[in-house]
Amino acid sequence: MTEIEIEVGARPIREINEEIRSAAAAGRSVVVKDTRSRHNLAIGLGEGARVRFEGSVGYYCGGLNCGARVEIGRNAGWAVGEAMSDGEIVVNGYAGMSAGTSMLGGLLHIRGDAGPRCGVAMKGGDIVVEGKIGYLSGFMAHAGRIVALGGAGDACADSLWGGEVWLGASPKSLGVDTCEVEPDPDEVFEIESLLASRGLGKPEVDWRKIVSAQRLWHFQSRDAKAWLMI
């Protein structure tokens, strides 16, 4: 696959995204330079697109991804990979608040820490964080997996509806209607196979698997206090 370079600078974002899509349609991979932490880059890319950002990006990079491979050289702002349904996004530094919001599928790999509300309202896919995830990560997720080797902040997996949060270190606290369960060996093997596929090897951690306690699945008046805590 041949490669093309695109400069961001102060140019209109619509123009830059059109150039990225045109290059992908022509079967060319893209290196994006002079990113200046601009917002809304590489939105809605389809299968086969390959984009690498040199430097940091702003809000919503890689949002609505439908099969592209996007790599961010440094840090990402809010909501990287928001609502992605397929593909792969790699952040080589820190990811800001709400990384992977409303993901439906695909893989988001963050090599540093992730900010608060990572994976909020997830509906599928995997988020792998080599560092720590911030407070309220996994909030109201319905499906998918968050794997954080460095643990989590306050209210981890608050109001989790479905899906799983896997931690390699203790969270600061668990959120409403969550519980820690003992993982099966087959489940641990699956998680560690996912990490191995990302070049992370077998981590020396005591896995903590967080799931929904299911109290909020069916409202009862005696549980009103728990609902009010959300």
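Engineer: Tell me about the overall build of the protein, and name the residues and values.
Structural biologist: Summing up its helical and strand segments, the protein has 3 helices and 11 strands in all. Listed N to C, the secondary structure of the protein is β-α-β-β-β-β-β-β-β-β-β-α-β-α in terms of helices and strands. For the protein, the C-alpha radius of gyration of 18 Å lies close to 17 Å, the compact-globule estimate for 230 residues. The C-alpha extent of the protein, read off along each of the three principal axes, is 60 × 40 × 25 Å. Sorting the 230 residues of the protein into buried and exposed places 51% on the buried side. Of the contacts made within the protein by residues no fewer than 6 positions apart, 26% connect residues no fewer than 24 positions apart. Total accessible area on the protein stands at roughly 10300 Å², and carbon and sulfur atoms take up 50% of it. Placing the 24 positive and 30 negative side-chain charges of the protein at their respective mean positions leaves the two points 5 Å apart.

Engineer: Break down the nonpolar core for me, citing the residues and quoting the values.
Structural biologist: Among the nonpolar cores identified, the biggest contains 45 residues, and Phe53, Ile72, Val80, Leu108 and Ile133 are the most heavily contacted of them. Top element by residues in this core is helix α1 (residues 13-25). It accounts for 4 residues. Those residues within four positions of Val80 in sequence are excluded, and the remaining contacts are Cys61, Ile72, Ile89, Val91, Ala95, Ser98, Ala99, Gly100 and Leu108. Core analysis: the next-biggest nonpolar cluster, separate from the first, contains 10 residues, Val128, Leu149, Leu195 and Trp207 among them.

Engineer: Describe in detail the packing of aromatic side chains, supporting the description with residues and values.
Structural biologist: Overall, the coordinates contain 4 aromatic pairs when judged by the stated rule. Between Tyr59 and Tyr60, the ring centres sit 6.2 Å apart and the planes meet at 85°, which makes this aromatic pair edge-to-face. Since its relative accessible area comes to 29%, Tyr59 is described here as partly exposed. For Tyr60, a relative accessible area of 31% translates into the label partly exposed. Between the aromatic rings of Tyr59 and Trp78, the centroid separation amounts to 4.2 Å while the plane-to-plane angle is 5°, which identifies the pairing as stacked. Here the residue Tyr59 occupies a position in the loop between β3 (50-53) and β4 (66-72), and Trp78 occupies one in the loop between β4 and β5 (86-91), the gap between them amounting to 19 residues. Among the aromatic residues, those joined into a cluster by ring pairs are Tyr59, Tyr60 and Trp78.

Engineer: Help me get a handle on the pattern of salt bridges, residues and values and all.
Structural biologist: As a working rule, side chains carrying opposite charge can pair if their charged atoms are close by. As enumerated under the stated definition, the model contains 15 salt bridges in all. A salt bridge links Arg11 to Glu15; its shortest N-O distance comes to 2.7 Å.

Engineer: Run through unusual backbone geometry, naming residues and quoting values.
Structural biologist: Although it is not a glycine, Ala42 adopts a positive phi angle of roughly 55°. Relative to the helices and strands, Ala42 resides in the loop between β2 (29-33) and β3.

Engineer: Before we move on, could you go through the pairing of β5 and cite the residues and values that matter?
Structural biologist: When you tally the buried positions in β5, you get 5 out of 6 residues, the bulk of the element. With 5 bridges joining them, β4 and β5 adopt parallel strand pairing. Note on β5: the bridge partner recorded for Arg69 is Glu88. Both β5 and strand β6 (residues 107-110) contribute to a ladder of 4 bridges, which runs parallel.

Engineer: Before we move on, could you go through helix α2 (residues 185-197) and cite the residues and values that matter?
Structural biologist: The terminal C-alpha atoms of α2, which comprises 13 residues, lie 18 Å apart, in line with the 18 Å expected from a rise of 1.5 Å per residue. Phi for Gly199, located one or two positions after α2, is positive at around 80°.

Engineer: Could you give an account of the state of the cysteines, naming the residues involved and the relevant values?
Structural biologist: Under the criterion given, the structure shown has 0 disulfides. A disulfide-free cysteine, Cys118 has its sulfur positioned 9.8 Å from the sulfur of Cys156, the nearest such atom. Take Cys156: its relative accessible area is 0%, and that puts it in the buried class.

Engineer: Describe the sheet that holds strand β10 (residues 178-181), with residues and values.
Structural biologist: Ordered by their spatial adjacency, 11 strands build an open sheet running β1-β2-β3-β4-β5-β6-β7-β8-β9-β11-β10, and the pairing between neighbours is mixed. Of all strands in the sheet, those bounded by a partner on one side alone are β1 (3-7) and β10. Taken over all neighbouring pairs, the strand axes of this sheet differ in orientation by 20° on average, direction set aside. Relative to β3, β2 runs parallel, the two being bridged by 3 bridges. Pairing of Val30 across the sheet is with Val51, part of β3. Here α1 sits on the sheet in contact with β1, β2 and β3, set at roughly 175° to β1.

About the criteria used
Residues numbered from 1 in each chain as written. Predicted model: local features only at pLDDT ≥ 70, side-chain atom pairs only at ≥ 80, totals over all residues. Heavy atoms only, no water. Helix = DSSP H or I, 4+ residues; strand = E, 2+ residues; numbered from the N terminus. Rg over C-alpha atoms; globule rule 2.2 N^0.38 Å. Buried < 20%, exposed > 50% of the residue type's maximum accessible area, 1.4 Å probe, protein only. Contact = heavy atoms within 4.5 Å. Areas by Shrake-Rupley, 256 points an atom, 1.4 Å probe, with all protein chains shown as cover. Lys, Arg positive; Asp, Glu negative; His and termini not counted. Charge placed at Lys NZ, Arg CZ, Asp CG, Glu CD. Core = buried A, V, L, I, M, F, W, Y, C linked by side-chain atoms within 4.5 Å. Phe/Tyr/Trp six-rings, centres within 6.5 Å; stacked < 30°, edge-to-face > 60°. Salt bridge = Lys/Arg side-chain N within 4 Å of Asp/Glu carboxyl O. Pairing = 2+ DSSP bridges. Expected span 1.5 Å × (residues − 1). Disulfide = S-S within 2.5 Å. Axes fitted to C-alpha atoms, helices over the stretch in contact; angles between N-to-C directions.

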